Amino acid sequence: MSGPERPGGEAGEAHSGTDPESGGAPLRPYVITRGRSRPSRNTVGVETLLVATTPATPLPLSAVREERALVRMCERLLSLVEAAAHLELPVSLVKVLASDLVDSGHLTARSGVPQAVLPDPQLLQEVLDGLRRLR
Amino acid sequence: MVSAGFADRYLPDTVQQAVKIPVVGAFGVGKTTLVGSVSEIEPLRTEEVMTQASVGVDDLAGSSRKTTTTVAMDFGRITLSPRIVLYLFGTPGQRRFWDLWEGLLEGALGVLVVIDTRRLEDSFDVLEQLELRGVPFAVAVNQFPDSEFYGTTELREALDLLEDTPIVMCDARDRGSSADALITLVEHVLAREVVRTPEAAS
């Protein structure tokens, strides 16, 4: 077990043999994302559905603990915001990580409504039918 | 970390499409209650860090500083069909949180604004912002036991709503009532879409 109280430590407490000499010190989000605050693609949103790609490709040695935790969390289908909540990581951070992991082929994204495209009536009708079933 | 284990955490693999509806309102208005009453999961909390210039607030002798605020957002989930999942985000309505809206409004089906008739003025800013941004929304009036009753006509006038903006009375604690508010919103959005794109979908 490594260092004290890191954000997301509980789920991210991997066998950290490959962790870059962080020595368990708290990493600020900015460091985890290697200085970026925006994701590489603008198609990941809070509601983007993520699932680990199968067969799994091993993560590079340079992968940070949070990336490993995210891939593990998404072993089955889950939205980005749920993964962030379960890992106790800020959503903005998870967006950057998820975006990278989709680019590298470790995660597969099923997006939400494409931005700037209005939801089509058929989708709205399906949503409406689903809501009516809740009654 | 509920004892239910992790099995419930995940979505059926058939789900292809996620949609979202921000549930916006002032502090204490019942957003989280509403989200919780219809959500199939125990509402989850996520934190977002916002950096903002502290303007006008205890400005210490002209020192302009940036402050970092952590905003908690509660959200819930409803799997509407084998194909579609809906996320509901309880989103604070105050002006200083509008940055947070950006990521939430993009791609949202529409917005449900929750109001408390005892503090109508708290919602003026939010309603105005949504109208300016052209986001479709419906107003859910959360009835508290000690609320005075107002008719929808009165409320529409007091809130200065556009004619076609729906108002629905609701009890945020009640699942059916909360679902009705969401249904009203989606019906409204659908009606707008149909007007906008006549026959286009066929």
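Scoring rules and cut-offs
Residues numbered from 1 in each chain as written. Chains lettered and ligands numbered in written order. Predicted model: local features only at pLDDT ≥ 70, side-chain atom pairs only at ≥ 80, totals over all residues. Buried ≥ 20, exposed ≤ 12 C-beta atoms within 10 Å, placed from the backbone. Helix = DSSP H or I, 4+ residues; strand = E, 2+ residues; numbered from the N terminus. Contact = placed C-beta atoms within 7 Å. Nonpolar A, V, L, I, M, F, W, Y, C, P; charged D, E, K, R; others polar. Pairing = 2+ DSSP bridges.

A:Pro55 follows A:Thr54 through a cis peptide bond whose omega is -10°. Residue A:Glu88 is not a glycine yet carries a positive backbone phi of 55°. On the basis of neighbour counts, which here come to 17 C-beta atoms within 10 Å, the residue A:Glu88 falls in the partly exposed class. Of note in the backbone geometry, B:Asp160 takes a positive phi value of approximately 55° without being a glycine. Its place among the elements puts B:Asp160 in the loop between helix H4 (152-159) and strand S7 (167-170). Residue B:Asp160 is classed as exposed on the basis of its C-beta count, with 10 C-beta atoms lying within 10 Å.

Right, let's talk about the interface of chain A and chain B for a bit. Across the contact, 36 residues belong to chain A and 40 residues belong to chain B. Looking at the side of chain A that touches chain B, the elements with two or more residues in it are strand S2 (78-79), helix H4 (80-87), helix H5 (91-103) and helix H6 (121-132) of chain A. At eleven residues, the largest contribution of residues to the side of chain A that touches chain B is made by H6(A). Considering only residue class, the side of chain A that touches chain B consists of 19 nonpolar, nine polar and eight charged.

On to the sheet that holds S2(A). Residues and elements named next belong to chain A. Across the sheet, which stays open at both edges, the three strands sit in the order S2-S1-S3 with antiparallel pairing between neighbours. Edge strands, defined here as strands with exactly one partner in the open sheet, are S2 and strand S3 (107-110). Bridge analysis of strand S1 (residues 49-52) against S3 gives four bridges, and the strand direction is antiparallel. Counted as the bridge partner of leucine 50 is alanine 109 from S3.

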